[in-house]
Amino acid sequence: MTRPRALPAFAAFNAIVALAFGTFAAHGIKDPQARDWIMTGVLFQLPHVAAVFGLLAWRNSPLVVRPAWALSIGSFIFAVDLDALALGAPRMVAAFAPIGGSLMMIGWFWIAIVALVIDKIEPE
């Protein structure tokens, strides 16, 4: 099976966004609420980037790649939503954060199930 290329590329892009906004918040944002929103996004985004790479190293399987996509997209949506709020987007933008959070939770739930049954479904 070939290694997925789009997922690690998206995860790397996700890390770049997290680092850029984290640095911007630390050095360029004076408003404490805006800084907190960005740093909360970074706090969720960067660990999920690392998790995606860890999952890809663990198993090259659609059973792992699909929930890894959910983690990556979910953390991106969640963080970028908070970044947008910090930059002055209307409060209604906050409605998208739960979509990102839900995708992350679905991804982790999916990974938990896969971890319990993957050896029964497909050999290494």
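Every residue gets a number counted from 1 within its own chain, in the order that chain's sequence is written. A pLDDT threshold of at least 70 governs which residues receive local features in this predicted model, and a stricter bar of 80 or more applies before side-chain atom pairs are shown or counted, although totals over entire chains, interfaces and linings include all residues. By convention in this description, side-chain values take in all heavy atoms of the structure and omit both hydrogens and water.

A. Representation of the packing of helix H2 (residues 32-58) against helix H4 (residues 97-121) within the structure. Lines fitted to C-alpha atoms define the axes, with helix axes restricted to the stretch in contact, and inter-axis angles between N-to-C directions lie between 0 and 180 degrees. Secondary structure elements follow DSSP: runs of H or I no shorter than four residues count as helices, runs of E no shorter than two count as strands, and numbering proceeds from the N terminus. At their nearest, the axes of H2 and H4 sit 13 Å apart, and the two run at 25° to each other. Between H2 and H4, the angle falls in the class roughly parallel. Where H2 crosses over H4, the handedness of that crossing is left-handed. Note on element contacts: H4 touches H2 through Met104, Trp108, Ile111, Val114, Ala115 and Ile118, opposite Phe44, His48, Ala51, Leu55 and Trp58. Roughly parallel covers angles under 35 degrees, roughly antiparallel covers those over 145, roughly perpendicular covers 65 to 115, and oblique covers all other angles. For any helix crossing, the convention is left-handed if the near helix is rotated counterclockwise from the far helix by under a right angle, and right-handed if that rotation is clockwise. Throughout, a contact is declared for two residues whenever any of their heavy atoms are within 4.5 Å.

B. Quick look at H2. In this model H2 runs 39 Å from its N-terminal to its C-terminal C-alpha over 27 residues, within 8% of the 39 Å that 1.5 Å per residue would give. Exposure categories follow from relative accessible area, calculated using a 1.4 Å probe and restricted to protein chains: below 20% of the type maximum is buried, above 50% is exposed, and the middle band is partly exposed. Buried residues of H2: Ala34, Trp37, Ile38, Gly41, Val42, Gln45, His48, Val49, Ala51, Val52, Leu55 and Leu56, and no others. If you follow the buried residues of H2, they end up packed against helix H1 (6-28), helix H3 (62-86) and H4. For a helix, the expected span equals 1.5 Å multiplied by the number of residues minus one.

C. Layout of the packing of H3 against H4. In contact at an axis separation of 7 Å, H3 and H4 are set at 160° when each is read in the N-to-C sense. With respect to their mutual orientation, H3 and H4 come out roughly antiparallel. Relative to H4, H3 is oriented so that their crossing is left-handed. Only Asp, Glu, Lys and Arg are considered charged in this grouping, and only Ala, Val, Leu, Ile, Met, Phe, Trp, Tyr, Cys and Pro are considered nonpolar; every other residue, Gly among them, is considered polar. Looking at the contact of H3 with H4 residue by residue, the classes come out as 18 nonpolar, five polar and two charged.

D. Structural detail: the packing of aromatic side chains. Only centres within 6.5 Å qualify two rings of Phe, Tyr or Trp (six-membered ring in Trp) as a pair; their planes then separate them into stacked at under 30 degrees, edge-to-face at over 60, and tilted for everything else. Taken as a whole and assessed by the stated rule, the structure comprises five aromatic pairs. Centre to centre, the rings of phenylalanine 10 and phenylalanine 13 are 6.4 Å apart; their planes meet at 40°, and the pair counts as tilted. Placement of both phenylalanine 10 and phenylalanine 13 in helix H1 is noted, with a separation of three residues, approximately one turn of the helix. Residue phenylalanine 13 is classed as partly exposed on the basis of its relative accessible area, which comes to 42%. Plain terms: the ring middles of phenylalanine 13 and phenylalanine 76 are 5.9 Å apart, the flat faces sit at 40° to each other, and that makes the pair tilted. Linking phenylalanine 13 in helix H1 with phenylalanine 76 in helix H3, this pair joins segments that are 63 residues apart in sequence. The rings of Phe10, Phe13, Trp69 and Phe76 are connected pair by pair, giving a single aromatic cluster.

E. Up close: H1. Taking 1.5 Å of rise per residue, the 23 residues of H1 would be expected to cover 33 Å, and the 32 Å separating its terminal C-alpha atoms lies within 8% of that figure. Within H1 the residues assigned to the buried category are Leu7, Pro8, Phe10, Ala11, Asn14, Ala15, Val17, Ala18, Gly22 and Ala25. Residues of H1 that are buried make contact with H2 and H3.

Read these as geometric descriptors, not functional statements.
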